[in-house]
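Commentary on secondary and tertiary structure
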Amino acid sequence: MAHALRLAARGLGTTWPNPSVGCVIVKDGQILGRGTTQKGGRPHAERMALAQAGDASGATAYVTLEPCAHHGKTPPCAKGLIGARVARVVTALTDPDARVAGRGHAMLRAAGITVAEGVLSAEAQRLNAGFLKRVTQGLPLVTLKLATTLDGRIATATGDSRWITGPLARAHVHMLRMTHDAVLVGSGTACADDPDLTIRGLGARHQPLRLLIDSQLRHNADSRLGRSAKDHPVWLLHGPQAPDAARKSWADTGARLIECPEADGHLNLTEALRRLAAEGVTRILCEGGGTLAARLIALNLVDELALYQAGCLIGAEGTAALGRLGLTALSEAPRLKRLETQSLGPDQFTLWSL
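Residues numbered from 1 in each chain as written. Predicted model: local features only at pLDDT ≥ 70, side-chain atom pairs only at ≥ 80, totals over all residues. Heavy atoms only, no water.

Things to note about the sheet that holds strand 2 (residues 30–36)
Read across the open sheet, the 5 strands follow the order 2-1-3-4-5; overall the sheet is mixed. Every other strand in the sheet has two partners, leaving strand 2 and strand 5 (114–116) as the edge strands with one partner each. Sheet twist, expressed as the mean angle between neighbouring strand axes with direction ignored, is 15°. Against the sheet, helix 1 (residues 2–9) engages strand 1 (22–27), strand 2 and strand 3 (60–63), with an angle of about 145° to strand 1. (Pairing = 2+ DSSP bridges. Helix = DSSP H or I, 4+ residues; strand = E, 2+ residues; numbered from the N terminus. Axes fitted to C-alpha atoms, helices over the stretch in contact; angles between N-to-C directions. Contact = heavy atoms within 4.5 Å.)

Examining the pattern of salt bridges
Considering all chains together, one arrives at 11 salt bridges under this definition. Taken together, the shared-partner salt bridges in this structure form one network comprising K145, R177 and E287. (Salt bridge = Lys/Arg side-chain N within 4 Å of Asp/Glu carboxyl O.)

Regarding the pairing of strand 9 (residues 209–213)
Extensive coverage of strand 9 is indicated by the burial of 5 of its 5 residues. Going residue by residue along strand 9, you find L209, L211 and I213 tucked away on one face and R210 and L212 tucked away on the opposite face as well. For strand 8 (residues 182–186) and strand 9, the ladder comprises 5 bridges, and the chain directions are parallel. Within strand 9, the position partnered with V183 by the bridge is R210. Read as a crossover between parallel neighbours, the route from strand 8 over helix 8 (residues 187–193) to strand 9 is right-handed. (Buried < 20%, exposed > 50% of the residue type's maximum accessible area, 1.4 Å probe, protein only. Right-handed = clockwise from strand over helix to strand, strands pointing away.)

No statement about biological role is implied by the geometric values presented.
Structure representation (structure tokens):
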């Protein structure tokens, strides 16, 4: 199962709206076939592993998520395993999708196949946290990325921020982009930095969806995002008062515009994320500025914080990593749990859960 989970991890960022699943088929101590969910979510991992295995009769299939039990664009994977005459199926998680939700396990048992559930379930839950959150809460998983000095600054008073961290840390950020369906920034960051938000330097075979929260569509369509929208998708989440001329300019680039309601003079971030989840987005990496980061934290929309810290100091005149959270007591401050830490050359990376 640990091997199946490692296989599944390779597909993160490429399989949405489906989960990234791994499957390993074993008989007499030998691996007959391995499979992962393919780009775009199909074929499923079980189908790929069975095709590689050939004759899987009497074998054990280790699958990181309950095999599907419904007819979609492909037949149910549970039926595929039954047809292959496997003797045993071991899974890590029950699929919370209402079309499955235990039916896959039930189909296998009804066919006389031994089923063991819950193997390495905690690891599987973390791996597919984005898919699970979209299905159960109607929201995508959000990872907030911050690159700061030791005193929590992201730029000098003049706006100079290139580069706070070194090349190893920056390469790690591109790796992080590879494991997310989409990269998100706000209009402030887009207007100041003119980013393209692509994966570079890692031989990437795919690019993430690029998201811009821009209530008034202030960011110029003649920007890196606009000029490359036909090559790599760009979605803009904007408010109902966005000017028609700006909408047309962005539509002409090939970008997709998604109108969202506003709340307290700002785009309603919760509703914006719900609309993205409804479109199948499961994992978002937010690389916006301090204002957007603070709003997401205040609304409890951040699941993980990816913090890159450089051993330098800027001082109070620099730009803070986070905007105002409106706290009046220390007891109100969010307390995070450290999940992982590693050195990246002179910089430090820490992954936290909220």
